[in-house]
Amino acid sequence: MNLTETLNRWGQTTPLFIVGYFVALGFLRLNFSPFLEVDEAQFVGNVDFRLIYENSHPPLYNWLVRMGLELTGWNWAESVTLVKFSMLAAYYILVWKVARRLVDERTGLIAVAAAAFLPQVVWMSSHTLAHSVMVMTGVAATTHALLRALQEPSPKAFIWLGAAAAFGTLAKYNFFLFAIPLAVVVATTPEMRGLLFRRDAMLAVAVYLLLTGPSLVAAVAELGATTERMSKLYRPDADITWFDLPYLGVDGLVSMVGAMMAWIGPVVIVWLIARAVDARIGGVATTENIFADALGKVMLYALALFAVMVLLADMHRVHERYLTPLLAVIPIYMAVAWPLSRSARVVAPLAAMLLGGVFIGYWAMVSYGQHRYVYPYNYIASPMRRTAQEPVPIITHRHDDKANLILALGWPGARSPHFQPLENRALIVWRGSSSGLNSEPVDAPVELIPTGFGPADKIYTVRAPLLNNSGERVYRFQMFERVGSPASTETSSATSPGSE
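Residues numbered from 1 in each chain as written. Predicted model: local features only at pLDDT ≥ 70, side-chain atom pairs only at ≥ 80, totals over all residues. Heavy atoms only, no water.

1. Points about the nonpolar core
One finds Trp76, Tyr92, Trp271 and Phe306 to be the most contacted residues of the largest nonpolar core, which totals 146 residues. Per element, the largest residue contribution to this core is 16 residues, and it comes from helix α5 (residues 76-102). Counting 8 residues, the second-largest nonpolar core is a separate cluster that includes Ala426, Trp430, Ala444 and Ile459. (Core = buried A, V, L, I, M, F, W, Y, C linked by side-chain atoms within 4.5 Å. Buried < 20%, exposed > 50% of the residue type's maximum accessible area, 1.4 Å probe, protein only. Helix = DSSP H or I, 4+ residues; strand = E, 2+ residues; numbered from the N terminus.)

2. A word on the pattern of salt bridges
Throughout the structure, instances matching the rule amount to 11 salt bridges. Two residues, Arg29 and Glu40, come together in a salt bridge whose shortest N-O distance is 2.9 Å. Remark: Glu40 occurs in helix α3 (residues 38-41) and Arg29 occurs in helix α2 (residues 14-32); sequence separation between them is 11 residues. Residue classification places Glu40 among the buried positions, given a relative accessible area of 9%. Between Glu481 and Arg425 there is a salt bridge whose closest N-O contact spans 3.2 Å. On the criterion of sequence distance, the pair formed by Glu481 in strand β5 (residues 472-482) and Arg425 in strand β2 (residues 425-431) is long-range, its members being 56 residues apart. An identical accessibility class is assigned to Glu481 and Arg425; each is buried. In the salt-bridge network here, residues are joined through shared partners; they are Arg372, Arg398 and Asp400. (Salt bridge = Lys/Arg side-chain N within 4 Å of Asp/Glu carboxyl O.)

3. Brief notes about the confidence of the model for the chain
The predicted model of the chain averages 90 in pLDDT, with 92% of residues at 70 or higher. Mean pLDDT in the chain bottoms out at helix α1 (residues 3-12), which sits at 70, and peaks at α5, which reaches 98. Note that residues 488-500 has pLDDT below 50 and, in this model, 36 contacts with residues that lie over four places away or in other chains. (pLDDT = per-residue confidence, 0-100. Contact = heavy atoms within 4.5 Å.)

4. Some remarks on the packing of helix α8 (residues 131-151) against helix α9 (residues 155-171)
Running from N to C, α8 and α9 point in directions that differ by 160°, and their axes come no closer than 8 Å. Classified by the angle between their axes, α8 and α9 sit roughly antiparallel to one another. In the packing of α8 onto α9, the handedness of the crossing is left-handed. Seen from α8, the contacting residues are His131, Met134, Val135, Thr137, Gly138, Ala141, Thr142, His144, Ala145, Leu146, Arg148 and Ala149; seen from α9, they are Lys156, Ala157, Phe158, Trp160, Leu161, Ala164, Ala165, Phe167, Gly168 and Ala171. Each residue belonging to the contact of α8 with α9 can be placed in one class, and the counts come to 14 nonpolar, 6 polar and 2 charged. (Axes fitted to C-alpha atoms, helices over the stretch in contact; angles between N-to-C directions. Parallel < 35°, antiparallel > 145°, perpendicular 65-115°, else oblique. Left-handed = near helix turned anticlockwise from the far one by under 90°. Nonpolar A, V, L, I, M, F, W, Y, C, P; charged D, E, K, R; others polar.)

5. Quick notes on the packing of aromatic side chains
For the coordinates displayed, the defined rule picks out 14 aromatic pairs. Between Trp74 and Trp76 the ring centres are 6.3 Å apart and the planes differ by 70°, which places this aromatic pair in the edge-to-face class. Judged by centre distance (6.1 Å) and plane angle (50°), the rings of Phe175 and Phe178 are tilted. The two residues Phe175 and Phe178 agree in class, both being buried. Between Lys84 and the ring centre of Phe85, over which it is positioned, the NZ or CZ distance is 5.4 Å. Looking at Lys402, its charged tip hangs above the ring of Phe419, at a distance of 4.2 Å from the centre. (Phe/Tyr/Trp six-rings, centres within 6.5 Å; stacked < 30°, edge-to-face > 60°. Lys NZ or Arg CZ within 6 Å of the ring centre and 35° of its normal.)

What follows is the structure, encoded as structure tokens:
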């Protein structure tokens with residue numbers, strides 16, 4: 001069997017490889033730690049069934065994590081891993097299904113291979129990110145549902161279209177940066193408009209409004225909370241502030257171009273080289289596909305819309321993850337609009353190597369770097385438990401420290417939807433510096449102390465090496481009480497090994 005036949009056979013079984021890949025990656029993550037990295041930790045204490053959550057996020061991810069917790073007996077590592085890697089597997093499979101519907105199984109395989117050259121997809125999504133992964137999957141689901149509705153219009157197809165669009169909306173609000181251009185392209189493409197303007201197409205609208213209506217109403221009613229995260233777009237980037245002009249986000253546009261190059265640059269370079277090789281050894285493959293052309297227009301319109309927003313709103317900084325819904329369909333577009341012929345025999349194995357390299361990179365990052373998974377949270381939490389004697393709210397600068405200490409202590413939030421409410425006592429926790437261990441402990445940061453609270457105990461300092469011996473961490477903590485309230489416990493004098 002030659003390599004071309006092998007690619008065709010692999011194209012038929014790609015979904016099985018995808019599922020196996022993410023099952024293995026999930027087991028690797030679970031082997032690292034029962035504690036959580038930054039994006040995973042945001043859900044601790046936030047898994048009630050609300051419509052509005054902090055940090056400008058829709059509710060779906062939090063709901064799914066809660067369901068995962070109920071399924072796993074409140075095992076946080078298993079729950080967040082189940083949700084995230086299920087989303088990633090679904091994204092790759094949907095990319096394969098769309099390309100397969102447009103051309104064939106081999107093209108589906110090449111679309112999956114193209115995703116391996118997207119750093120935000122193959123690497124960042126594998127070891128971090130949460131809502132960006134879900135919105136990426138929502139974009140792929142909406143694209144698949146739209147194609148199915150165009151090819152096989154039926155009530156079932158339109159119900160799936162409404163549900164997929166609702167999924168994307170409830171994943172992350174920047175889904176609209178993809179959905180609005182998609183609607184414009186569909187409405188202005190006669191071949192698509194004619195197929196979708198049907199009576200049963202209203203099912204898509206009805207399902208969408210049914211699933212998203214309460215959340216969208218709540219989002220508008222709490223617009224301040226909904227748009228809170230946009231403040232990150234206004235933080236200047238020191239490296240490009242010299243581009244800034246009054247009232248216009250020129251530096252933001254520069255930042256956006258850099259983010260776009262980081263997002264799609266590798267796959268574009270690989271495809272240009274591959275097609276140049278094809279041209280030299282056997283001819284460049286060509287194809288005409290209305291749907292693929294439409295996806296290209298959607299991405300261009302989405303980028304243009306976002307660029308106008310950045311410029312006119314005088315935004316300063318665009319991170320790569322903000323472009324996720326705008327560019328999530330790029331693997332489908334590359335595989336269908338820029339098809340590979342003989343060069344696919346090199347590109348596909350190279351993509352497989354990159355996918356395999358994620359395991360090595362992930363393992364090396366945790367084994368040799370100062371990753372959250374190697375923080376000694378159990379050791380740090382031990383003197384806190386003896387000092388507090390009963391659960392109290394933990395207040396820190398970093399939500400991941402708070403979440404992981406709560407898990408180590410087993411306090412409310414670890415096995416309940418909410419953290420301990422602030423009443424009369426609170427434990428203030430802040431990071432120290434190893435260089436200051438021999439000096440007097442610094443006071444608790446003023447900004448962390450609740451109004452009306454005063455110290456109820458001395459400052460404790462805990463010094464502990466990271467679990468992989470790549471460094472150490474120093475934490476300080478102090479109990480505070482509401483001034484004038486009766487003390488719930490006597491001041492603790494307990495210390496721990498390595499404590500001052």
